Amino acid sequence: GAVVSQHPSRVICKSGTSVKIECRSLDFQATTMFWYRQFPKQSLMLMATSNEGSKATYEQGVEKDKFLINHASLTLSTLTVTSAHPEDSSFYICSARLARSYNEQFFGPGTRLTVL
Amino acid sequence: KQEVTQIPAALSVPEGENLVLNCSFTDSAIYNLQWFRQDPGKGLTSLLLIQSSQREQTSGRLNASLDKSSGRSTLYIAASQPGDSATYLCAVWRNNDMRFGAGTRLTVKP
């Protein structure tokens, strides 16, 4: 149980295009989902916290107009990187928190974004 | 602001050796602490989760301890194997978010 999937696993796009990444909780309901970014040889940095049915809360330094987050249902959150540039190339990982559990997150396998 | 530090940043040991990875955090008011393994280019694999009320957790050759008052956790790996080679991350959970350390890159040589 408690499986989180991400799609796509890898994406390569041209500079200036937008890319959408999906995060799904497959067998549980997640009231809260989190989006992280990881640059090579660095740790995960929290980008934003997304609650179902409300606006996401962004960490300091993360542009909300560039990284659009939608959490329209209890099993799906999407991250859209708008007008992507090479510096946005990174590993994006989502996690989901069980609706009934405050203390544990389950992580997706990550999405490797490469912007040419 | 919670800061998580992991020492050492990299560690290379011969196969069979026992080893300890360290994690420290600045704010002791945490809900839990979790150790993860990350292979190159891959996502996170949860290894051990220690709730704030617990002092240690064990799984196979892994043992994690938590000392909230001093803001420290250790991950002990017994009889290391080449397959243990990976980056090990610790993360603390508090106030609706999880903060990660930079990781320890472990190499176990055959």
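Residues numbered from 1 in each chain as written. Chains lettered and ligands numbered in written order. Predicted model: local features only at pLDDT ≥ 70, side-chain atom pairs only at ≥ 80, totals over all residues. Heavy atoms only, no water.

A. Structural context of the sheet that holds strand β1 (residues 4–7) of chain A. All names here are of chain A. Ordered in space as β1-β3-β8-β7, the four strands form an open sheet in which the pairing is antiparallel. Taken across any chain shown, the strands that pair with only one partner, and hence form the sheet edges, are β1 and β7 (67–73). Direction aside, the axes of adjacent strands within the sheet are offset by 15° on average. Pairing of β7 with strand β8 (residues 76–81) involves five bridges; the strand directions are antiparallel. The partner of Asn70 across the bridge, within β8, is Thr78. (Pairing = 2+ DSSP bridges. Helix = DSSP H or I, 4+ residues; strand = E, 2+ residues; numbered from the N terminus. Axes fitted to C-alpha atoms, helices over the stretch in contact; angles between N-to-C directions.)

B. Representation of the packing of aromatic side chains. One pass over the structure, following the stated rule, counts eight aromatic pairs over all chains. Their ring planes at 40° and their centres at 5.7 Å tell us that Tyr36 of chain A and Phe107 of chain A sit as a pair that is tilted. Taken together, the residues span a long stretch of sequence, with Tyr36 of chain A in strand β4 (residues 30–38) and Phe107 of chain A in strand β10 (residues 105–107) at a distance of 71 residues. What makes Tyr36 of chain A buried here is its relative accessible area of 0%. What makes Phe107 of chain A buried here is its relative accessible area of 12%. Measuring from centroid to centroid gives 5.1 Å for Phe107 of chain A and Phe36 of chain B, while their planes differ by 80°, and the two rings are edge-to-face. With one member in each of two chains, Phe107 of chain A in strand β10 and Phe36 of chain B in strand β4 (residues 32–38) form a pair that bridges those chains. A relative accessible area of 1% places Phe36 of chain B in the buried class. An aromatic cluster is built from Tyr36 and Phe107 of chain A together with Phe36 and Phe100 of chain B, whose rings are joined through pairwise contacts. (Phe/Tyr/Trp six-rings, centres within 6.5 Å; stacked < 30°, edge-to-face > 60°. Buried < 20%, exposed > 50% of the residue type's maximum accessible area, 1.4 Å probe, protein only.)

These results come straight from atomic positions and should not be treated as a statement about function.
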